[in-house]
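# Descriptive structure summary
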Amino acid sequence: MTVPVTPTVEWINQCYDHEGRHEHVSLYLLRAPEGTVLVDSGSFYHREEITAAVEEATGGDGPDAIVLSHSDYPHAANVSPLGGDTEDVELVASSASPAQQGLPDARKCDIGGSLTIQGREFSFIDPPLADRSHTTWIYDHGDGVLFTADGFGNYHDPGQCEYLSGDFADATPAEAVYEYHRDNLVWLRYVAPEKVERTLDDIFAEFDVRAVAPIHGNPIEAADLDVYRDRLGDAMCRIADEYAVA
Amino acid sequence: MPREIVPGIHWIYEAGPDRTESWDLADRNPDWYEPGREAYVPQCAYLVDGGEETLLFDTLSPASTEEILTAIDELVGERGLDYLAVSHPDVPHAGNTLAILEEHPETTLVAPGYGNDHELYHLDDGIHVTEGDEIDLGDRVVEFHEATFLDAPVSVWMTERETETLFPVDWMGFIHLDEEKLAFVDELDGEFDPSRLVEFHGRVLFWYQYIDVEKTNAEIDRLVEKFDPEIVAPAHGLVIREDATDYMETMKDVTRTIDGQERIGTLG
């Protein structure tokens, strides 16, 4: 079961329970001109659900390509079960040293560069919000979707697992954006928010972003992007303000 | 082949790929670089032998599975490995966890108590350690600490009390030339060039470009006061066994330098 985000991008949403609050650990399926492309492969924790969902969505064929935002286990743990270790499935990763990241057979994408995968153009963006250094944000030139890996996430309540941002009463709740980034991008306690904002402005000026697709949050629709970014900016300020060097 | 830093603490080294071309070192030719040489940012694991019990801190990457298993055998022999402590679940640090536990079923897994995604990393089993937790190995006692400068939220730092060694994981890493593998910093030719630290932190702890300089440097002052180590053993650099706190102080200049220049580049 997938959730449509844009005409050719579908969300395979999986959740991890934090004592009643949920965190998405998702992946996305793109229907490109020459085949299907997965962005990330999800966690081993959801392996059965993910392989079943991909099987159903691809009519039993599986993906034609897998593009990884980075090699962290919640993102890259199902490469083999989804065929990414075979010649039939093209595997693309941004790591500079695939063998050290456990992905010795990956085709390398350069951060700052572009690749055509299954007939679809993707750009690989140096992310201002990430944890691991080898992370890339992935921009899909087809539908204008920006896949933001660990950035732009949020927690959510049970029952909101399949929500797009517009399904919330007033877009993605500010508190959920704050709590997610506080817990998962710990370095934000030292952030100078205006520096991140400048880089985000540059990215959104260069790329026509029509939806943001985080791995750890509800997808953000075009109409809600400004609201989300305002809340993200407030969250960064709050996280920094709340941490004082003892 | 591991190198003993002080009696009972062994340094296990993995070079990783040559960074010369991808970091344009030949073109930029920084002061510390010698044309024609290869340059590396290693992965390091450390084995602490306390006489009674043994502990391995980190695992090297999946590219070095055989090497880390061989090193463990060489260092602990028939005594076995008592503890495997994983600093954080990043693949180059924890990528051989399952292989080591399969080879050494007697080993107790020690994982960070910080963060909230342990099941997603196979780290829900074993001991979870946070600030001040200790493991007594006999002649050596290791103590765990909240990781200050980190990438994954599920992270922990470690110290060894007797030798006053700080293991700051990703922090204080730096690039080095090929023949400097497993050399102590005090064994390098000439004066240590802090731009080596800038090359690493400007790319690998990429978020240094987005931080408040004064706040971050106040944190470094706090770390110097808190730990005051004799030895610094980073996961991605060479071991510092002389003037360790001076090198920690140097990190404040690294912060300022990264703040004052254009983006250095990516890891690639």
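Everything quoted here is computed from the prediction, not taken from an experiment. (Residues numbered from 1 in each chain as written. Chains lettered and ligands numbered in written order. Predicted model: local features only at pLDDT ≥ 70, side-chain atom pairs only at ≥ 80, totals over all residues. Heavy atoms only, no water.)

Here the focus is the pairing of strand 7 (residues 65-68) of chain A. Residues and elements named next belong to chain A. Burial along strand 7 is two-sided: the residues Ala65 and Val67 and Ile66 and Leu68 are all buried. With three bridges connecting them, strand 6 (residues 35-39) and strand 7 associate as parallel partners. Counterpart to Val39 in the pairing with strand 7 is Val67. Assessed by its sense of winding, the connection that carries the chain from strand 6 through helix 1 (residues 47-57) to strand 7 is right-handed. Bridge count for strand 7 against strand 8 (residues 90-93) is four bridges, and the pairing is parallel. Looking across to strand 8, one finds that Val67 is bridged to Val92. (Buried < 20%, exposed > 50% of the residue type's maximum accessible area, 1.4 Å probe, protein only. Helix = DSSP H or I, 4+ residues; strand = E, 2+ residues; numbered from the N terminus. Pairing = 2+ DSSP bridges. Right-handed = clockwise from strand over helix to strand, strands pointing away.)

So, about the interface of chain A and chain B. Taken together, the contact pairs 42 residues of chain A with 46 residues of chain B. When the buried surface of chain A facing chain B is broken down by residue, Tyr73, Gln100 and Tyr190 of chain A rank first, second and third, together holding 20% of it. Here Arg132 of chain A makes a salt bridge to Asp90 of chain B, at a shortest N to O gap of 3.3 Å. Taken together, the links from chain A to chain B amount to 15 residue pairs in polar contact (both at pLDDT 80 or more). When contributions to the side of chain A that touches chain B are tallied by element, the ones reaching two or more residues are strand 3 (15-18), helix 2 (73-76), helix 3 (174-184) and helix 4 (193-206) of chain A. Broken down by element, the residue count for the side of chain A that touches chain B peaks at three residues, all from helix 4 of chain A. Residue composition of the side of chain A that touches chain B, by class: 23 nonpolar, eleven polar and eight charged. (Contact = heavy atoms within 4.5 Å. Buried area = accessible area lost by both parts, 1.4 Å probe. Salt bridge = Lys/Arg side-chain N within 4 Å of Asp/Glu carboxyl O. Polar contact = N/O pair within 3.5 Å; in protein donor to acceptor, adjacent residues only side chain to side chain. Nonpolar A, V, L, I, M, F, W, Y, C, P; charged D, E, K, R; others polar.)

Our focus in this paragraph is the state of the cysteines. One pass over the structure, following the stated rule, counts zero disulfides over all chains. You can see Cys161 of chain A has no disulfide; the closest cysteine sulfur is in Cys15 of chain A, sitting 3.7 Å from it. (Disulfide = S-S within 2.5 Å.)

Our focus in this paragraph is the confidence of the model for chain B. The pLDDT averaged across chain B works out to 96; a share of 100% of its residues lies at or above 70. Across the whole predicted complex the pTM is 0.96, and at the interface the ipTM reaches 0.95. (pLDDT = per-residue confidence, 0-100.)

When two helices pack together, their arrangement is given by the angle between the helix axes and the distance between those axes. All names here are of chain B. In contact at an axis separation of 10 Å, helix 6 (residues 213-227) and helix 7 (residues 244-260) are set at 175° when each is read in the N-to-C sense. Between helix 6 and helix 7, the angle is such that the two are roughly antiparallel. Mapping the contact onto sequence places Val213, Thr216, Asn217, Ile220, Asp221, Leu223 and Val224 in helix 6 and Thr245, Met248, Glu249, Met251, Lys252, Thr255, Arg256 and Asp259 in helix 7. For the contact of helix 6 with helix 7, the residue count by class is six nonpolar, four polar and five charged. (Axes fitted to C-alpha atoms, helices over the stretch in contact; angles between N-to-C directions. Parallel < 35°, antiparallel > 145°, perpendicular 65-115°, else oblique.)

Compared with the 26 Å implied by 1.5 Å per residue over 18 residues, the 25 Å span of helix 5 (residues 225-242) of chain A between its first and last C-alpha is a close match. Buried within helix 5 of chain A are the following residues: Leu225, Tyr228, Arg229, Arg231, Leu232, Gly233, Ala235, Met236, Ile239 and Ala240 of chain A. Looking at the buried side of helix 5 of chain A, the elements it contacts are helix 3, helix 4, strand 15 (211-213) and strand 16 (220-221) of chain A together with helix 6 of chain B. (Expected span 1.5 Å × (residues − 1).)

The next point concerns the side chain of Gln160 of chain A. All names here are of chain A. Mapped onto the fold, Gln160 is located in the loop between strand 14 (155-156) and helix 3. A relative accessible area of 17% places Gln160 in the buried class. A distance of 2.8 Å separates a polar side-chain atom of Gln160 from the backbone nitrogen of Asp157. Filtering out sequence-adjacent residues up to four positions away, Gln160 remains in contact with Phe168 and Asn218.

Here the focus is the pairing of strand 10 (residues 141-145) of chain B. Residues and elements named next belong to chain B. Counted residue by residue, strand 10 has four buried out of five residues, so it is predominantly covered. Pairing between strand 9 (residues 134-136) and strand 10: three bridges, direction antiparallel. Of the residues in strand 10, the one forming a bridge with Ile135 is Val142. Of the pairings in the sheet, the one linking strand 10 to strand 11 (residues 157-160) comprises four bridges and is antiparallel in character. Across the sheet, Val142 pairs through a bridge with Glu160, a residue of strand 11.

A full pass over the atoms with the stated rule returns 26 aromatic pairs over all chains. Summarising the aromatic geometry, the rings of Trp32 of chain B and Tyr33 of chain B are spaced 5.9 Å apart at their centres and angled 80° between planes, so their arrangement reads as edge-to-face. With respect to burial, Trp32 of chain B and Tyr33 of chain B carry one shared label: buried. Judged by centre distance (6.3 Å) and plane angle (45°), the rings of Trp157 of chain B and Phe227 of chain B are tilted. In this pair, Trp157 of chain B sits in strand 11 while Phe227 of chain B sits in helix 6, placing the two residues 70 residues apart along the sequence. For Trp157 of chain B, a relative accessible area of 1% puts it in the buried group. Under the relative-accessibility criterion, Phe227 of chain B is labelled buried at 13%. Aromatic ring contacts, followed pair by pair, group Trp187, Tyr190 and Tyr243 of chain A together with Phe149, Trp157, Trp171, Phe206, Trp207, Tyr208, Tyr210 and Phe227 of chain B into a single cluster. Above the plane of the ring of Tyr243 of chain A lies Arg189 of chain A, whose end atom (NZ or CZ) is 4.4 Å from the centre. Arg229 of chain A extends its terminal NZ or CZ atom over the ring of Phe204 of chain A, reaching a point 5.1 Å from the ring centre. (Phe/Tyr/Trp six-rings, centres within 6.5 Å; stacked < 30°, edge-to-face > 60°. Lys NZ or Arg CZ within 6 Å of the ring centre and 35° of its normal.)

Next up on the list: the sheet that holds strand 5 (residues 27-32) of chain A. All names here are of chain A. One open sheet accounts for seven strands, arranged 1-2-5-6-7-8-9; its pairing is mixed. Looking at which strands have only one partner, the edges of the open sheet turn out to be strand 1 (3-6) and strand 9 (107-108). Relative to strand 6, strand 5 runs antiparallel, the two being bridged by five bridges. In the sheet register, Leu30 faces strand 6, and the bridge partner there is Val37. Contacts from helix 1 reach strand 2 (9-12), strand 5 and strand 6, with the element oriented near 15° to strand 5.

Take the environment of Ile239 of chain A next. All names here are of chain A. Mapping Ile239 onto the fold places it in helix 5. What makes Ile239 buried here is its relative accessible area of 6%. Expressed as a C-alpha distance, the spacing of Ile239 and Glu179, which sit 60 residues apart in the sequence, is 9.0 Å. When near neighbours in sequence (up to four residues on either side) are disregarded, Ile239 contacts Tyr178, His181, Arg182, Leu188 and Arg189.

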